Every structure is written in structure tokens, then in C-alpha cells.
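# Tertiary structure, described
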Amino acid sequence: MIAVAVVGAKGRMGSTVVDAVNDAEDTRLSHTIDHGQDIAQITPGNTDVAVEFTVPSASLDNVLALVDQGVNVVVGTTGWDEDRLAKVREVLERPEHRNQCVFVAPNFAISAVLADHFAAQAARYFESAEIIEMHHPDKIYAHSGTALNTAHAIAKARRDAGLGAMPDGTRSDAGSRGQVVEGVHVHAVRLRGLNAHEEILFGNPGEQLVIRSDCFDRGSFMQGVLLAVRQVASGRYTCLLYTSPSPRDR
Ligand code: NAP
């Protein structure tokens, strides 16, 4: 059994992780920590992997504290830029932490991660690519981090393949062509009834490819979280892992 601690356990994601850990046959809950509780309770003596879903302002300190205590971490909290990742990487490279792993994934939905991966593979073969991200109207930010990640992945693949700018003869003063991220147009829809959806459209003369990911509820993230927990607990990785593309690759 893999002993899993959850940090941010009373939150929407944290409480869903608690249920997933309790339900899975190969994991058991070792500790739950929320705001105001002492993270030092989580140690390698009681926990194989800590799962962290809190708030961007607390996440880096939580992860550094856990690493310092000798604990492996799977991180789902958003807001991880290259500066934050570099701080964790630097600590993991110290001799006393060489056997530890931190896995950061801004989106644990397997469909979204694969959509990104497939989009990066497809990008070099198409003249045009655009992204439509669709979310429930209570989402605070537009655009979604996932859509931005996809846009960067497409842009990098196009750069690597030596492709130039996409054909776009449109004049628009009204912002109706969406946000342009490294040359990739990203459109945001906010609609009651939706949860988290992304469509990546590729076009060539006479053909089109559409890659679509649909996440209907928070359960969509749990398979990815448990997969990450199992991989980290296996001891196969002793480094900082980030679902591709990492901010460093952009
Ligand atoms: P939430 O419902 O607000 O939960 C956050 C929890 O963390 C709350 O219980 C909060 O307590 C607690 N917390 C705050 N500071 C803490 C600290 N220093 N130590 C321990 N616990 C602390 O938010 P959520 O919807 O679960 O989302 C959590 C994070 O996951 C967000 O960054 C969100 O964007 C991200 N997310 C990631 C994925 C993914 O696939 N990677 C998917 C969905 C969401 P208080 O409320 O008392 O402050």
C-alpha cells in the first residue's frame, strides 16, 4: 500500500483526492493537512507521497517544506512558473534530497494531457492551428492555463519544424480573433452547463483535424493524480517532473 498524505484536504480538489486515495486498492490515507495545520506532521516515516492542492501563494512553501522533510510530492496547485520550478529543482539536486521526486502537473486530466501531447505531434503538419477553450462561467481566469500550455506546445512544434506565421488575412479591431499566444489564436467560451473543455483545430487545404478533450467533473483529474502517485512512489524518478511542455521549454 502506498501511504498518501493530502495537503489542502478540505478543499474541492483535496477532498476529492482523499476519496480517491481511500477508494483505490493500492493507496491508503496517511495524513490530511489544511490551512493552519502543521505540515511537519508529514514525514517519510508515515508517508510515501504527499499530494498538494492548495493555493498558488502557499504551494511553493509547502513543497519546499515537504522536500526538506524528506517527503516526495505530487503537486496540482496551479501558478508554477519557471522561477518556482527552479527553486525546487535546486533543492532536489542537493545530496540529501537526491532520492526524492516532485511531480508538478497543472492539469491532471489524462484527456487534457494527451490532447496537448497529440497537438504538439500534429502541429508541424498543418498550416493553421487555433484553440477554443470552453469552461463554466465561474472560472476566474480566461484563458485557461491548459489552453495557454497547448498554444505554447503548438508554437514550439512549429518553430522546431521551421514553419512560419500562420495564414490569417483577417482584419479585426474588436478582439474577435481571440488572444494571440506566440502566434496561436486562443478563444475562450464561458457557458453555464460546461465544465472544462478544449478543442484544438488544425487546418490544411482540403482537410482538418480536431482534437477535443472534455472533463465533466473533478473526478476527471483523479486517474492522473493516482498515476502520478504510483510513479513517484515507485522510486523510478529522482528529480523534478513537469507535464510537458515545461515553462523552460517555451
Ligand atoms: P479550494 O477548494 O480553495 O481548496 C484549497 C484548500 O487549500 C482550502 O481548503 C484551503 O483552506 C487550503 N489551504 C490554503 N492555504 C493552505 C496552506 N498553506 N496549507 C494547507 N492548506 C491550505 O481550491 P481547489 O478548487 O481545491 O483548487 C486547489 C488548487 O488546485 C488551485 O490552484 C486550482 O487551480 C488547482 N487545480 C488543479 C488541477 C490540476 O489538474 N492540476 C485541477 C483543478 C484545480 P482555506 O480555504 O481555509 O484557506
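Details of the structure are given in the entry above.
All right, on to the sheet that holds strand β5 (residues 102-104) then. The parallel open sheet is built from six strands, whose spatial order is β2-β1-β3-β4-β5-β11. Where the open sheet ends on each side, the last strands, each with one partner, are β2 (27-33) and β11 (240-242). Between one strand and the next, the sheet's axes are offset by a mean angle of 20 degrees, whatever the strand orientation. Packed on one face of the sheet, helix α6 (residues 222-233) meets β1 (2-7), β2, β3 (49-52), β4 (72-75) and β5 and runs near 150 degrees to β3.

Near the ligand, the surroundings consist of 21 residues, among which R12, M13, H35, T78 and F108 are the closest. Note that an oxygen atom of the ligand is positioned 2.9 Å from one of the backbone N or O atoms of R12. Contacts to the ligand include A105, whose backbone N or O atom sits 2.9 Å from a nitrogen atom. Protein burial of the ligand: of its 920 Å² of free accessible surface, 73% is covered by the chains. Taken together, the residues of the shell around the ligand break down into nine nonpolar, nine polar and three charged.

Our focus in this paragraph is the packing of aromatic side chains. Applying the stated rule across the entire model yields three aromatic pairs. The interplanar angle of 35 degrees and the centroid separation of 5.4 Å between the aromatic rings of F126 and F202 together place this pair among those described as tilted. On the criterion of sequence distance, the pair formed by F126 in the loop between α4 (110-122) and β6 (128-135) and F202 in strand β9 (residues 196-204) is long-range, its members being 76 residues apart. The rings of F53, F103 and F108 are connected pair by pair, giving a single aromatic cluster. The ring centre of Y125 lies 5.7 Å from the NZ or CZ of R124, which sits over that ring.

Moving on, we come to the nonpolar core. Within the largest apolar cluster, 30 residues are counted, with the highest numbers of intra-cluster contacts made by V17, V51, V74, F103, F108, V225 and V229. Mapped by element, the contributors of at least two residues to this core are β1, α1 (12-23), β3 and α6. Looking at which element gives the most residues to this core, the answer is α6, with six residues. The contacts of V74, once residues within four sequence positions are left out, are V49, A50, V51, E52, F103, F108, A228, V229 and V232. Ranked by size, the runner-up nonpolar core spans 22 residues in total, among them I33, I42, V88 and V102.

Rules behind the numbers
- Residues numbered from 1 in each chain as written.
- Predicted model: local features only at pLDDT ≥ 70, side-chain atom pairs only at ≥ 80, totals over all residues.
- Heavy atoms only, no water.
- Pairing = 2+ DSSP bridges.
- Helix = DSSP H or I, 4+ residues; strand = E, 2+ residues; numbered from the N terminus.
- Axes fitted to C-alpha atoms, helices over the stretch in contact; angles between N-to-C directions.
- Contact = heavy atoms within 4.5 Å.
- Near = heavy atom within 4 Å.
- Polar contact = N/O pair within 3.5 Å; in protein donor to acceptor, adjacent residues only side chain to side chain.
- Areas by Shrake-Rupley, 256 points an atom, 1.4 Å probe, with all protein chains shown as cover.
- Nonpolar A, V, L, I, M, F, W, Y, C, P; charged D, E, K, R; others polar.
- Phe/Tyr/Trp six-rings, centres within 6.5 Å; stacked < 30°, edge-to-face > 60°.
- Lys NZ or Arg CZ within 6 Å of the ring centre and 35° of its normal.
- Core = buried A, V, L, I, M, F, W, Y, C linked by side-chain atoms within 4.5 Å.
- Buried < 20%, exposed > 50% of the residue type's maximum accessible area, 1.4 Å probe, protein only.

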